[in-house]
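# Residue-level structure breakdown
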2 protein chains.
Amino acid sequence: MAARGKGFQPSQMAQGNMPGYFRSSDSRDVNPDLEAERKTASFSVERLTTMLDGGAENTKTRRAVEAVIHSDPEFNRENQYFQSQNERYEAAVRKSVHFKEKMQQMGWSENGPEITYFYRALGGDLAFNVHIVFKNSILALGTDEQIAKWIPLADKYHIIGSYAQTELGHGTFLRGLETTATFNISTQEFTLNTPKISAMKWWPGDLGRSATHAVVFAQLYIKGKCYGMHPFMVQIRSLRDHSPAPGVIVGDIGPKMNFENVDNGYLMLQNINIPRENMLSRFSEVLPDGTYVKRGSDKINYLTMIVTRVQIIGREVTPMLMKACIIAIRYSVVRRQSELKPGDPEAKILDYQTQQQKLLPLLATAYAFHFMTAYLHEIYNKGYTEIKQGNFHLLPELHALTSGLKAITTECSTAGVEICRRACGGHGYSALSGLPSLYTKLAASCTYEGENTVLLLQTARFLVKCFVAVHSGKPSPPSIAYLFSMDSGKCQAWTKMDFLKPDIYAEAYRHRATRLLGNAATKLQALVQSGAEEYEAWNRCTVQLVQAAKAHCHYIIMKNFIDTVEKLRNEAEIQKIMKHLCDLFALHGIFSYTGDFLHDEYMSGDQMDMVTESYLDLLAVIRNDAVPLVDAFDFTDESLNSALGSYDGHVYRRLYEWAQKSPTNQQVNQAYENYLKPLFQNALSKL
Amino acid sequence: MAARGKGFQPSQMAQGNMPGYFRSSDSRDVNPDLEAERKTASFSVERLTTMLDGGAENTKTRRAVEAVIHSDPEFNRENQYFQSQNERYEAAVRKSVHFKEKMQQMGWSENGPEITYFYRALGGDLAFNVHIVFKNSILALGTDEQIAKWIPLADKYHIIGSYAQTELGHGTFLRGLETTATFNISTQEFTLNTPKISAMKWWPGDLGRSATHAVVFAQLYIKGKCYGMHPFMVQIRSLRDHSPAPGVIVGDIGPKMNFENVDNGYLMLQNINIPRENMLSRFSEVLPDGTYVKRGSDKINYLTMIVTRVQIIGREVTPMLMKACIIAIRYSVVRRQSELKPGDPEAKILDYQTQQQKLLPLLATAYAFHFMTAYLHEIYNKGYTEIKQGNFHLLPELHALTSGLKAITTECSTAGVEICRRACGGHGYSALSGLPSLYTKLAASCTYEGENTVLLLQTARFLVKCFVAVHSGKPSPPSIAYLFSMDSGKCQAWTKMDFLKPDIYAEAYRHRATRLLGNAATKLQALVQSGAEEYEAWNRCTVQLVQAAKAHCHYIIMKNFIDTVEKLRNEAEIQKIMKHLCDLFALHGIFSYTGDFLHDEYMSGDQMDMVTESYLDLLAVIRNDAVPLVDAFDFTDESLNSALGSYDGHVYRRLYEWAQKSPTNQQVNQAYENYLKPLFQNALSKL
């Protein structure tokens, strides 16, 4: 693979009175410690990249998009770490509008692969993401007429829409939303209201400053009767001057942990009248006389939730974990610290076992999640086809699976990015490392699109249902059938090498998931039998139910990794290193949750010691390919936007160069002028 | 206790066209759900507060300081979440200078308790923290003459100093620092140089924009021979106009994950000459003829490191964990979500077992760390007295203990704050909740003043040394003697109630620490005996050595909690609730590391099930006192600076009110003017 990083540019350096080492001739070179790591790769990085992209054609398209994006100054993110919330938002809008033009110019279609690559190249640093949800909700919930009216406008950004569901007082529990829409037969209008402060819409993206319209979810009332939540199209700002419509109070919710590019907003509605046609009516309609008509099944809406979660894992979560691994691993071979062997030069920090233990399991996890995404796309497409044919039986399984996997992948990746950040020591705390913003952004994914604990309990509820069904003789859905297969009762490993056999560790994971589910379900039944009300019994088991759901997801991810490795028969070198990563992923899981495997003596302490030894041995093996393994993710320097993680490894010079551009070095020091100058004058006579 | 929160102020609300619920009459009231929690406290909150403060006199002084600070508009932090890095820095300088005046005005001494309370009231949002380290280094390393020259100036802020140790390429490994100081006999000067880019000083606080001087650590060279690291006083900026001294390149390192109030800086020195007298010479001196003289023992310097770590735990870490608990627990009884019992009103989220499992162990941990701090102060004072008398034998033990405890408390608290943040769902992601900044600030503590993994390995090295010594018949230092006591081999619990006996769980923790240390030390010896070089053997055991060090620290904290509870005999109600918290802390630890206790069958799976049941039972018990337990920490609303955590519980109205002040709602929307307006015009004719 050619060096895809942008070489260190001496011309961009502050010049003037600089010492000689800033004018040395090694610009465009790669740091020799980093270069050495690449020379000993056990496999072809380019072939692995191609495989990860899903074929050479995709790699080509992706790189072409990256070349277009990175050569366009409008998409430059260099100053991102210095920008205020207002500046970040403005830049995001500018880029999004510019991209729309670019797409037309390049002939890229709205649903083409280029958009995905564009998003990847810019790290999602854009506006109008919820506008897409707004469009999708019209497409899913609107009639053909409604689609024909609104979608062309939305496609061209002639209107910008938000999806106003969440309220100050309600996120997870949608039935509890308090905004009302009351139908008035005499005027043929709905009147929308925010009846109390907790009913204010709060958090919807693109709402705070951009949106002209919103799909507002409200409780529908007809003649005093409540028909539950329905979607309504509401114009919230003037198309002429952007002022809020009369009766609309709308604004931005202020600073957040990250996502300064998004104008998350609030919205209060005071007697807002909209025509009857503005209720999105694919699945239910209010007739002019106030008759409420329900039509068809809206089960298909679950698909929206499912596909959103699959996209979160594939587009948001896994790439961010990959980026953090790239940054931390490259830095860990450039950074040298302390003597490992007395008298030797200081060691690369990646040569310390503790550093390997932090980073390499995360590298394996990034691969595991990438392969998981491919699998999810596959089963989603299968489910989608069946559902389109009116066959909904896969829906609960798909929903349970994606809920749990969204929770697990967001949680592990968020924790993982932070481990990477800390593994870079002090410099990982600098925003210029790129790591703090990866963390603060990814952390949101643990909450949005379903709070993780709530999601895991949904998975658990499905598992318990199946557990009860299977135990009363009914068949199990395929993805969880493994939970009900025969069990040997004891782990069959005798040496540490046995733990490198996928059969051995897969069986251990299977046993653990089965036991945890069985225990939780049994406790639940026992509580109910001893007289507890069902809701109370459920609540008293939730800590253990969450554990069971996690163990299930952990098995699914690990098993899919095994299956993926098996299919690599024609790529011997890649298969070999992927097998190591799969082993590491699996053994790290056992090493991290030893109690789960020891509890019923499925494994003995001696066997656990073998796991530990095999696991530690693997760290040393994978360490040798660590840099090629992150290079294969093939993120550009511009996309990483990290002083520590660039392809060329010139970390110290880049930290210095970037710091020069910080506003803290470019504005008059008012604190000195106002507060310190008078104090320092007192020392003049004494020094 | 009187309500110490500032009531909700309707006068601060945006008025105008607001719906009626913003003008309702419940301002100054406390949210009824929160109020109800306070009425059922099983103990006196005021008595507990007094106990935590270390006596009624302290509580009185603290509240007096808080009253002074919070009534002074100069110390207002209301806009903190909206400020840029430049604004935060300027505000911090302003407050620090103003505080110096305030101190004189109030007659508070430099070493009085008021400073601690001041720092607590402002959440450390100040400048010149490293200036204090600068002063301390002069006091510790300077001669009496040097102290007399520099300290009075520093005390009055007539100079501001930084402590310039860390370099771009070196943090942990001090011996590797590359800055040089070469003695020139003919001029009687030292010449300081930054010989390469990695030698640039990087990170020192107060350096980037404030400092006039710095204590610079450099390798001392005399006649070509290196004498190692020494401290030199260097003037880096003009006292007249603040411009960098000739040959000095100095600036700010740019944006960070937090600490915008601190101007972390960089510093390059090019042939900077300073007089011979500017080497801080308490422990070593260069005579005019170039003779190097060492005098006395500089072991006492370790005390600086030790006291700094004790202060981190007591001043930084524990209070931040407490604040996060206050915010999350108060919010969790105001927030209602979903039906627990079908048909009932939505439940307080603290009534969900999963929410209790997230927050209540952290509440127990905050208490455990608070008690640990008191204990550390005690043994530090004892050690200090002995060391002053020339008796250094306690030093290694004290160093090992504080190293490990700093690592454990920072790691657990950082993770804990993030758990609190996520437990507040979406609103925990808003900066206005106060939780994101607690996290991003506390996260730094895992790296500064000793990277945690490095610190734990220092503790481990001490433990291994003692292990070897004891096994060759030598005595053990008192704090780790427990590791070498008799062992029953099996846990003696028969019912879940047995696990509420401190003897039972203390013994389990003891056994675990002993086993983990024994295993790691034995593996280390075996590797060396099988021919591995010592450094290599050590590296291959580090993952397990870290585990052993953690288990040791965990024991120490848990045991100190037990001892503290025992001493509360005269406070029956408080003792009772503290005993519950102690039990919870201990059982949560076992529940979280089940494998450690199951590994050698010290506990059986059945016993672990008892632990789980006792642990879950305790959650329900402590839940009833959760709000009084956080109220007792007695942080003012101003100090919490959280829209979710205020004493009165008016979370939604405060979120809304604060959002109004955000710059995103106060500036002209340039993105609309520049990019969106022309697009929206196209929709005018169609809608």
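About the thresholds
Residues numbered from 1 in each chain as written. Chains lettered and ligands numbered in written order. Predicted model: local features only at pLDDT ≥ 70, side-chain atom pairs only at ≥ 80, totals over all residues. Heavy atoms only, no water. Helix = DSSP H or I, 4+ residues; strand = E, 2+ residues; numbered from the N terminus. Rg over C-alpha atoms; globule rule 2.2 N^0.38 Å. Buried < 20%, exposed > 50% of the residue type's maximum accessible area, 1.4 Å probe, protein only. Salt bridge = Lys/Arg side-chain N within 4 Å of Asp/Glu carboxyl O. Contact = heavy atoms within 4.5 Å. Buried area = accessible area lost by both parts, 1.4 Å probe. Polar contact = N/O pair within 3.5 Å; in protein donor to acceptor, adjacent residues only side chain to side chain. Nonpolar A, V, L, I, M, F, W, Y, C, P; charged D, E, K, R; others polar. Pairing = 2+ DSSP bridges. Least-squares fit on C-alpha atoms with pLDDT ≥ 70 in both. Core = buried A, V, L, I, M, F, W, Y, C linked by side-chain atoms within 4.5 Å. Disulfide = S-S within 2.5 Å. Phe/Tyr/Trp six-rings, centres within 6.5 Å; stacked < 30°, edge-to-face > 60°. Domains from an automatic or database assignment. pLDDT = per-residue confidence, 0-100.

When its secondary structure is counted, chain A shows 21 helices and 11 strands. Against the globule reference of 26 Å for 687 residues, chain A gives a C-alpha radius of gyration of 28 Å, in line with a compact fold. With the principal axes as the frame, chain A shows a C-alpha extent of 90 × 75 × 60 Å. Per-residue burial for chain A yields a buried fraction of 61% across its 687 residues.

Further remarks concern the pattern of salt bridges. If you walk through the whole model with that rule in mind, you get 89 salt bridges over all chains. Lys 102 of chain B serves as the salt-bridge partner of Asp 72 of chain B, at 2.9 Å between the closest nitrogen and oxygen. Of this pair, Asp 72 of chain B sits in the loop between α3 (56–70) and α4 (85–106) while Lys 102 of chain B sits in helix α4, and the two are 30 residues apart along the sequence. Judged by relative accessible area, Lys 102 of chain B falls into the buried class, the value being 11%. Here the residues in one salt-bridge network are Glu 46, Asp 53, Arg 62, Arg 63, Glu 66, Arg 120 and Asp 634 of chain A, joined through shared partners.

If you look at the interface, chain B gives 149 residues, while chain A gives 149 residues. Regarding the contact of chain B and chain A, the summed buried area is about 12,000 Å², with carbon and sulfur atoms giving 61% of it. In this structure, the connection of chain B to chain A is made through 67 residue pairs in polar contact (both at pLDDT 80 or more). A class-by-class count of the residues in the side of chain B that touches chain A yields 65 nonpolar, 51 polar and 33 charged.

With that settled, the discussion passes to the sheet that holds strand β7 (residues 248–252) of chain B. Residues and elements named next belong to chain B. The strand order β4-β8-β7 describes an open sheet built from 3 strands, whose pairing is antiparallel. Taken across any chain shown, the strands that pair with only one partner, and hence form the sheet edges, are β4 (201–202) and β7. Looking at chain direction, β7 and strand β8 (residues 265–269) are connected through 5 bridges and run antiparallel. Residue pairing across strands places Asp 252 opposite Gly 265, the latter belonging to β8.

This part is about unusual backbone geometry. All names here are of chain A. Positioned with a positive phi, Tyr 157 is a non-glycine residue whose angle comes to about 60°. A relative accessible area of 11% means that Tyr 157 is categorised as buried. Although it is not a glycine, Asp 206 sits at a positive phi angle of roughly 65°. Mapping Asp 206 onto the fold places it in the loop between β4 (201–202) and β5 (213–222). With relative accessibility at 2%, the residue Asp 206 sits in the buried group.

A few words on the sheet that holds strand β8 (residues 265–269) of chain A. All names here are of chain A. Strand order in the open sheet formed by 3 strands is β4-β8-β7, with antiparallel pairing between adjacent strands. At either margin of the open sheet sits one strand with a lone partner, and together these are β4 and β7 (248–252). In this structure, β4 lies alongside β8, joined through 2 bridges in antiparallel fashion. Paired with Trp 202 across the strands is Tyr 266, a residue of β8.

Glancing now at the environment of Gln 83 of chain A. All names here are of chain A. For Gln 83, the position within the fold is in the loop between α3 (56–70) and α4 (85–106). The class for Gln 83 is partly exposed, based on a relative accessible area of 28%. Taking the C-alpha atoms as reference points, Gln 83 and Ile 556, 473 residues apart in sequence, are found 41 Å from one another. Discounting chain neighbours no more than four positions away, the residues touching Gln 83 are Arg 88 and Ala 91.

Attention shifts here to the relation of the copies chain B and chain A. It takes a turn of 180° to lay chain B on chain A, together with a shift of 0.0 Å along the axis; the resulting RMSD is 0.0 Å. Such a turn and shift between the copies fits a two-fold axis. For chain B, the smallest separation between a C-alpha atom and the rotation axis is recorded for Gly 595 of chain B, amounting to 1.7 Å. The overlap is high: 100% of the interface residues of chain B also sit at the interface in chain A, so the same surface is used on both sides.

The next point concerns the nonpolar core. Within the largest apolar cluster, 326 residues are counted, with the highest numbers of intra-cluster contacts made by Tyr 367, Met 578 and Met 603 of chain A together with Tyr 367, Met 578 and Met 603 of chain B. The contacts of Met 578 of chain B, once residues within four sequence positions are left out, are Leu 48, Tyr 367, Phe 371, Phe 561, Val 565, Leu 568 and Leu 629 of chain B.

A separate point is the pairing of strand β5 (residues 213–222) of chain B. Residue and element names in this part refer to chain B. Counting buried positions along β5 yields 9 of 10 residues, so the element is predominantly enclosed. Judged from the 4 bridges that link them, strand β2 (residues 180–184) and β5 form a sheet pairing that is parallel. Across the sheet, the residue bridging to Phe 183 is Ile 222, located in β5. Where β5 and strand β6 (residues 225–235) come together, 9 bridges link them in antiparallel fashion. Paired with Val 216 across the bridge in β6 is Phe 232. Taking the residues that link successive antiparallel strands as the turn, the β5-β6 hairpin has 2 residues, and the phi of Lys 223 there is positive, at about 45°.

Summed over the entire model, instances satisfying the criterion amount to 0 disulfides over all chains. Here Cys 491 of chain A is not disulfide-linked; the sulfur of Cys 582 of chain A is the nearest cysteine sulfur, at 16 Å. Cys 412 of chain B supplies the cysteine sulfur nearest to Cys 553 of chain B, a cysteine that is in no disulfide, at a spacing of 9.7 Å. Residue classification places Cys 553 of chain B among the buried residues on the basis of a relative accessible area of 1%.

With that settled, the discussion passes to the packing of aromatic side chains. In this structure the tally under the stated criterion is 47 aromatic pairs over all chains. Pairing Phe 99 of chain A with Phe 118 of chain A gives two aromatic rings, centres 3.4 Å apart and planes at 10°, and the pair type is stacked. Taken together, the positions of Phe 99 of chain A in helix α4 and Phe 118 of chain A in helix α5 (residues 113–121) put the pair 19 residues apart, joining distant regions of the chain. Of the two residues examined, Phe 99 of chain A and Phe 118 of chain A, each falls in the buried class. Residues Trp 202 of chain B and Tyr 266 of chain B carry aromatic rings whose centres are separated by 5.6 Å and whose planes lie at 20° to one another, so their mutual orientation is stacked. Of this pair, Trp 202 of chain B sits in strand β4 while Tyr 266 of chain B sits in strand β8, and the two are 64 residues apart along the sequence. Looking at Trp 202 of chain B, the relative accessible area reads 1%, which means it is buried. A connected cluster of aromatic rings, assembled from ring pairs, spans Tyr 367, Phe 371, Phe 561, Phe 585 and Phe 633 of chain A.

Residues and elements named next belong to chain B. With respect to the helices and strands, Arg 330 occurs in helix α8 (residues 301–334). With a relative accessible area of 2%, Arg 330 lands in the buried category. Those residues in contact with Arg 330, other than ones at most four positions away along the chain, are Leu 34, Arg 38, Cys 325, Val 630, Asp 631, Asp 637, Leu 640, Gly 645, Ser 646 and Tyr 647.

With that settled, consider the domain arrangement of chain A. All names here are of chain A. Once the domains are mapped, chain A shows domain 1 (132–295) and domain 2 (304–630). Computed over C-alpha atoms, the centres of domain 1 and domain 2 are 38 Å apart. Area buried by domain 1 at its contact with domain 2 is led by Met 257, Asn 258 and Phe 259, which between them contribute 72% of it. Linking domain 1 with domain 2 are 0 salt bridges. Between domain 1 and domain 2 we count 2 residue pairs in polar contact (both at pLDDT 80 or more) in total. Split into classes, the residues belonging to the side of domain 1 that touches domain 2 amount to 2 nonpolar, 2 polar and no charged.

Time to look at the pairing of β8 of chain B. In terms of residue burial, β8 of chain B counts as a mostly covered element, since 5 of its 5 residues are buried. Residues Gly 265, Leu 267 and Leu 269 of chain B point to one face of β8 of chain B and Tyr 266 and Met 268 of chain B to the other, with burial holding for every one of them.

On to helix α20 (residues 651–660) of chain B, then. In terms of burial, α20 of chain B is largely enclosed, as 10 of its 10 residues are buried. For α20 of chain B, the set of buried residues is Val 651, Tyr 652, Arg 653, Arg 654, Leu 655, Tyr 656, Glu 657, Trp 658, Ala 659 and Gln 660 of chain B. The elements touched by buried residues of α20 of chain B are β4, β7 and β8 of chain A together with α8 of chain B.

Moving on, we come to the confidence of the model for chain A. Looking at chain A, pLDDT values average 93 and 96% of them are 70 or higher. Among the prediction metrics, the complex's ipTM stands at 0.96, with pTM recorded as 0.96.

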